[in-house]
Amino acid sequence: MIGFLAKIFIKDHKNLENVEVRRKYGILAGACGIALNTLLFILKLLVGIFTGSVAVTADAFNNISDAGSSAITMIGFRLAGKKPDPEHPFGHGRIEYITGFIVSILIFVMGFELALSSFDAIKNPNQTELSVVSAIILAVSVAIKLYMYFYNQKYGKKLNSAAMKATASDSLGDTVSTLAVIASLVFAKFTDIIIDGYVGMAVAVFILLAGFRSARETIEPLLGTRPDKELMEEISQLILSKHPITGVHDMILHDYGPGRQFLSLHAEVPMDENILFVHDVIDNVEIEIFQKYSIETVIHMDPIDTRDQRINAIRATVKDLLTPLGEGFNAHDFRIVPGHTHTNVLFDLVVPVDSKVSGDELKLAVSTAITAINPEYRCVIKIDTMYS
């Protein structure tokens, strides 16, 4: 249905990288969510009244809260799509993460409310009745919620939307919730044992866990997480494929919301290359990255001496020392500054955040190895944080 409606209401609907197209998909998904959840609320409330099931009634009010969540998601997409202004030059994309977090809070609240009503049903059990009409309505609601889960999950991944992924988790929780309610009603019909409250409590726990996972997924981008490893490697390979770039380091991806990312990095080039030629190459790389990934990129040019055999020997020694330590350890920006009594060897040493070897220990080991090459060498090492 979303795909069909997108063809009708969204111009250039296949261009999901476009910020405006992305915004319209979010609004469309939110509007569908409001309509479907409102329909489910009415149907389940009627079933809850006729069956006398607290679990069904709670499930119905869960759906009306889901309609509110869809409204929040829709508003979030609309606000996130606002153009940058003087107060927010990087745009408003992070609003989408905030709305995703609000949806997660609503999932928590509904899980807690369901737990309370289920606890009351355990203490004061009521006999429930299941009719054919009620069973059909609940089965239809399961099908609708499954559909909502699949389309939110599908477009949440395509659009990289934390809010839609949170809504997908909520829809999956609702599907499990309704299936459990059906099971409890069927069980009560053929036995004298009332498990309505216990089933409601189990569903409440499931919803609370879903809310926790959703909250974590929406909070992490706000706190600032390490960028996708595959994306960074892909961009690195693209840059390194351009002559005369020989190395890439200090890659930092700033995330201001989906479709609003900024990348800064250093590209190593031979110091004897024509500076105008190198500048042109770097300009073209920045343009290509934006066209392919919609990421604004700023590349700092690092001229390096590739012909100095002393630097090459030091570089090889450091590499041999770091390679056994595993992925993430590397060094860059090697320079030699001669003096009257000693020669300074300056470079940056990259140490992963989760390294078991401290920066000071590594400094000492590397300095010792370099001094072994030439006793006059004195190391000036800067420890770099590995951002990506």
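A quick note: this is a predicted structure, and the numbers were derived from the prediction, not measured.

Asker: Break down a negative patch on the surface for me, with residues and values.
Answerer: Residues D228, E230, E233 and E234 make up a contiguous surface patch of negative charge. In this fold, E234 is placed in helix α8 (residues 229-240). By relative accessible area, which is 41% here, E234 ends up partly exposed.

Asker: Which residues make up the side chain of T297, and what values go with them?
Answerer: Secondary-structure assignment places T297 in strand β3 (residues 295-304). A polar contact of 3.3 Å, which involves the side chain of T297, links it to the backbone oxygen of I295. Ignoring any residue separated from it by four or fewer positions in sequence, one finds T297 in contact with L263, L265, E286 and I289.

Asker: Lay out the environment of S104 with the relevant residues and their values.
Answerer: In this fold, S104 is placed in helix α4 (residues 95-123). Among the residues examined, S104 registers a relative accessible area of 0% and is labelled buried. For S104 and S214, which are 110 residues apart along the polypeptide, the C-alpha to C-alpha distance reads 5.6 Å. Once residues lying within four places of it in the same chain are set aside, the contact partners of S104 are A166, G211, S214, A215 and T218.

Asker: An account of unusual backbone geometry is requested, with residue identities and associated values reported.
Answerer: In this model, H243 is joined to P244 through a cis peptide bond whose omega is 10 degrees. In this structure, P244 sits in the loop between α8 and β1 (247-255). For D250, which is not glycine, the phi dihedral falls at a positive 55 degrees. Its location among the elements puts D250 in strand β1. Non-glycine residue S294 carries a positive phi angle of around 55 degrees. Here S294 is to be found in the loop between α9 (275-293) and β3.

Asker: How would you summarise the side chain of K145 if you had to cite specific residues and measurements?
Answerer: By the element assignment, K145 lies in helix α5 (residues 132-158). Engagement of the side chain of K145 in a polar contact is seen with the side chain of N37, the distance being 2.7 Å. Beyond its immediate chain neighbours, meaning those up to four positions away, K145 contacts N37, L40, N63, D66, S171, D174 and T175.

Asker: Which residues make up the packing of α4 against helix α6 (residues 162-190), and what values go with them?
Answerer: The contact between α4 and α6 brings their axes to 7 Å, and the two run at 15 degrees. The angle between α4 and α6 places the two elements in the roughly parallel class. Relative to α6, α4 is oriented so that their crossing is left-handed. For the pair formed by α4 and α6, the contact residues are E96, Y97, T99, G100, V103, S104 and I107 on the first element and A162, A163, A166, T167 and D170 on the second.

Asker: Mind laying out the sheet that holds strand β6 (residues 377-385), listing which residues take part and the relevant values?
Answerer: Spatially, the 3 strands line up as an open sheet ordered β4-β5-β6, and their pairing is mixed. Strands at the two margins of the open sheet, each flanked by one partner only, are β4 (330-338) and β6. Taken over all neighbouring pairs, the strand axes of this sheet differ in orientation by 15 degrees on average, direction set aside. Contacts from helix α10 (residues 309-322) reach β4, β5 (343-351) and β6 within the one sheet, and its direction differs from that of β4 by about 145 degrees. Here helix α11 (residues 359-373) sits on the sheet and contacts β5 and β6; the angle it forms with β6, its principal contact strand, is near 150 degrees.

Asker: Talk me through the sheet that holds β1; I want residue IDs and the actual numbers.
Answerer: Spatially, the 3 strands line up as an open sheet ordered β1-β2-β3, and their pairing is mixed. The open sheet is flanked by β1 and β3, the only strands paired with a single partner. Across the sheet, the mean angle separating the axes of adjacent strands is 15 degrees when strand polarity is ignored. Sitting on the sheet, α8 is in contact with β1, β2 (261-270) and β3, with an inclination near 135 degrees to β1. Strands β2 and β3 of the sheet are contacted by α9, whose axis makes an angle of about 155 degrees with β3.

Reading guide: rules and limits
Residues numbered from 1 in each chain as written. Predicted model: local features only at pLDDT ≥ 70, side-chain atom pairs only at ≥ 80, totals over all residues. Heavy atoms only, no water. Patch = residues over 30% accessible without salt bridge, like charges linked within 9 Å, V, L, I, M, F, W, Y side chains within 5 Å. Areas by Shrake-Rupley, 256 points an atom, 1.4 Å probe, with all protein chains shown as cover. Salt bridge = Lys/Arg side-chain N within 4 Å of Asp/Glu carboxyl O. Lys, Arg positive; Asp, Glu negative; His and termini not counted. Charge placed at Lys NZ, Arg CZ, Asp CG, Glu CD. Helix = DSSP H or I, 4+ residues; strand = E, 2+ residues; numbered from the N terminus. Buried < 20%, exposed > 50% of the residue type's maximum accessible area, 1.4 Å probe, protein only. Polar contact = N/O pair within 3.5 Å; in protein donor to acceptor, adjacent residues only side chain to side chain. Contact = heavy atoms within 4.5 Å. Axes fitted to C-alpha atoms, helices over the stretch in contact; angles between N-to-C directions. Parallel < 35°, antiparallel > 145°, perpendicular 65-115°, else oblique. Left-handed = near helix turned anticlockwise from the far one by under 90°. Pairing = 2+ DSSP bridges.

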